[in-house]
Amino acid sequence: MLSVGSALPSIVLSNAMLAEALDTEEEWIVERTGIRERRVGGSTTDLAARAAATAIGHAGLEPEMIDLLILATSTSGQVMPAGAALVARKLGLSCGFFDLDATCAGFAYGVIVGAAMTRAHARHTLLIGADTMADLVNPNDRATAVLFGDGAGAMVLGATDGGDHLLSSHFGSDPTAAHLLYASHDGFIEMRGKEVFRRAIQAAVDSIMVALERAGVGPEEVALFVPHQANARLIEVLAARVGIPESRTAIAMEKTGNTSAASIPIALDDAARSGRVQPGDVVLLCGFGSGLTWASAILRW
Ligand code: UT7
């Protein structure tokens, strides 16, 4: 069983609002990124708990039926305990939990880890991708301030029906490129965008090709492709290179911006609510981000 849910803060930060405060234009942001607005405010763990409650509700589960909680995040807001502890408390859970930090690839990593844990130990794993990225951008830096937003998405991975939803996976990294995207000592994101763009596409294409081969499925069999929502142009190039048409690709960043580990489950929830994914469908997820790190997962819905 797979179920999803998502949560966004209520405060809207539009391109027009940013254009008033920064040396930027609404047209530049839309054309270069595909983002029209992003949601900001609230805490990572509050958003995570809201998204998770929806996913648990959709699964029809009671809290005690969740055996493991994985919170994929880079912005839990505290050193210890793990952000997952706060989320567990908010949800009334007393299961095992841990945080997983693989930046924007965190949810894709989490699906792989969560499926393995579900297979080995847990009846139901609650996986959440949640980040509050707006706090990490220098509001005076137009190169990054226009890109990021806050949000959370969640998935319940269950083994009760005997099904094994993860068909294949692949992950990789290039830590020698860590300097291309990082949080500096003042806590703000620094990014060499063009270089990250170029490398992310190549890494994601290679990773997806390996995952498809391992699953024994071709791109034409993928019913829905949900990549990390960093840039709509990047997603278009990536989908074309992999051989998946736009009609089967989720591009849901127009109203959210880049929400890091939350971006894949938010886009997936959006697609699921629109009826774009049906039981039995092959769903391809691919995340990439600071590290640089990346991961692909192929699921049978
Ligand atoms: O989530 C983790 C993974 N992240 C990504 O995958 C991000 C990948 N990178 C990107 O999405 C894009 O590289 C950006 C959206 C960050 C930038 O787009 P770009 O087309 O690569 O632009 P650029 O950085 O090459 O900048 C082009 C021009 C520059 O001006 P000059 O040097 O040509 O005069 C920038 O200063 O655009 C300028 N610029 C802006 N202009 C208006 C940069 N930011 C802005 C802005 N408004 N907000």
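Residues numbered from 1 in each chain as written. Predicted model: local features only at pLDDT ≥ 70, side-chain atom pairs only at ≥ 80, totals over all residues. Heavy atoms only, no water.

Draft legend 1. Inspection of the site of the ligand at higher detail. The immediate surroundings of the ligand are formed by 23 residues, with Thr24, Arg32, His228, Asn231 and Asn258 found nearest. The contact in question runs from a nitrogen atom of the ligand to an N or O atom on the side chain of Thr24, over 2.6 Å. Within the side chain of His228, a nitrogen or oxygen atom sits 2.8 Å from an oxygen atom of the ligand. Relative to its unbound accessible area of 960 Å², the ligand is 73% covered by the protein chains. (Near = heavy atom within 4 Å. Polar contact = N/O pair within 3.5 Å; in protein donor to acceptor, adjacent residues only side chain to side chain. Areas by Shrake-Rupley, 256 points an atom, 1.4 Å probe, with all protein chains shown as cover.)

Draft legend 2. Molecular detail of the pattern of salt bridges. The tally for this structure, following the rule as stated, stands at eight salt bridges. One salt bridge connects Arg199 with Asp174, and the closest N-O pair in it is separated by 3.3 Å. You can see Arg199 sitting in helix 7 (residues 193-215) and its partner Asp174 sitting in the loop between strand 8 (166-173) and strand 9 (181-183), a full 25 residues away along the chain. Judged by relative accessible area, Arg199 falls into the partly exposed class, the value being 29%. Three or more residues are tied together by salt bridges with common partners; here these are Asp174, Glu195, Arg198 and Arg199. (Salt bridge = Lys/Arg side-chain N within 4 Å of Asp/Glu carboxyl O. Helix = DSSP H or I, 4+ residues; strand = E, 2+ residues; numbered from the N terminus. Buried < 20%, exposed > 50% of the residue type's maximum accessible area, 1.4 Å probe, protein only.)

Draft legend 3. Expanded view of the nonpolar core. Counting 42 residues, the largest nonpolar core has Ile208, Phe225, Leu238 and Phe288 as the members making the most contacts within it. Going through the elements one at a time, helix 7, strand 11 (222-227), helix 8 (232-242), strand 12 (282-289) and strand 13 (293-300) are the ones with two or more residues in this core. Top element by residues in this core is helix 7. It accounts for nine residues. Each of domain 1 (3-158) and domain 2 (166-300) contributes no fewer than three residues to this core. If we ignore the near neighbours within four places in the chain, the residues touching Phe288 are Cys104, Ala105, Ala200, Ala204, His228, Ala230, Leu234, Leu238, Thr293 and Trp294. In this structure, Val4, Ile70, Phe107 and Trp301 belong to the second largest nonpolar core, which totals 33 residues. (Core = buried A, V, L, I, M, F, W, Y, C linked by side-chain atoms within 4.5 Å. Domains from an automatic or database assignment. Contact = heavy atoms within 4.5 Å.)

Draft legend 4. Geometry of the domain arrangement of the protein chain. Annotation of the protein chain at the domain level lists domain 1 (3-158) and domain 2 (166-300). For domain 1 versus domain 2, the separation of C-alpha centres amounts to 15 Å. Listed as interface residues are 47 residues of domain 1 and, on the opposing side, 41 residues of domain 2. At the boundary of domain 1 with domain 2, total buried surface from both sides reaches about 3,500 Å², with 65% on carbon and sulfur atoms. The interface formed by domain 1 and domain 2 holds one salt bridge in total. With a closest N to O distance of 2.8 Å, Glu254 and Arg36 form a salt bridge. The tally of links from domain 1 across to domain 2 stands at 14 residue pairs in polar contact (both at pLDDT 80 or more). (Buried area = accessible area lost by both parts, 1.4 Å probe.)

Draft legend 5. Region of interest: the sheet that holds strand 6 (residues 124-132). As summarised here, the arrangement of the five strands in space is 1-7-6-4-5, forming an open sheet in which the pairing is mixed. With one partner strand each, in any of the chains shown, strand 1 (2-7) and strand 5 (96-100) form the two edges of the open sheet. Adjacent strand axes in the sheet meet at a mean angle of 15 degrees, parallel and antiparallel pairs treated alike. Note that strand 4 (residues 68-72) and strand 6 share five bridges and pair parallel. Across the sheet, Leu68 pairs through a bridge with Thr125, a residue of strand 6. Where helix 3 (residues 44-59) meets the sheet, its contacts fall on strand 1, strand 4, strand 6 and strand 7 (150-158), and the angle it forms with strand 7 comes to roughly 35 degrees. Taken strand by strand, helix 5 (residues 106-120) contacts strand 4, strand 5, strand 6 and strand 7, and its axis lies near 20 degrees from that of strand 7. (Pairing = 2+ DSSP bridges. Axes fitted to C-alpha atoms, helices over the stretch in contact; angles between N-to-C directions.)

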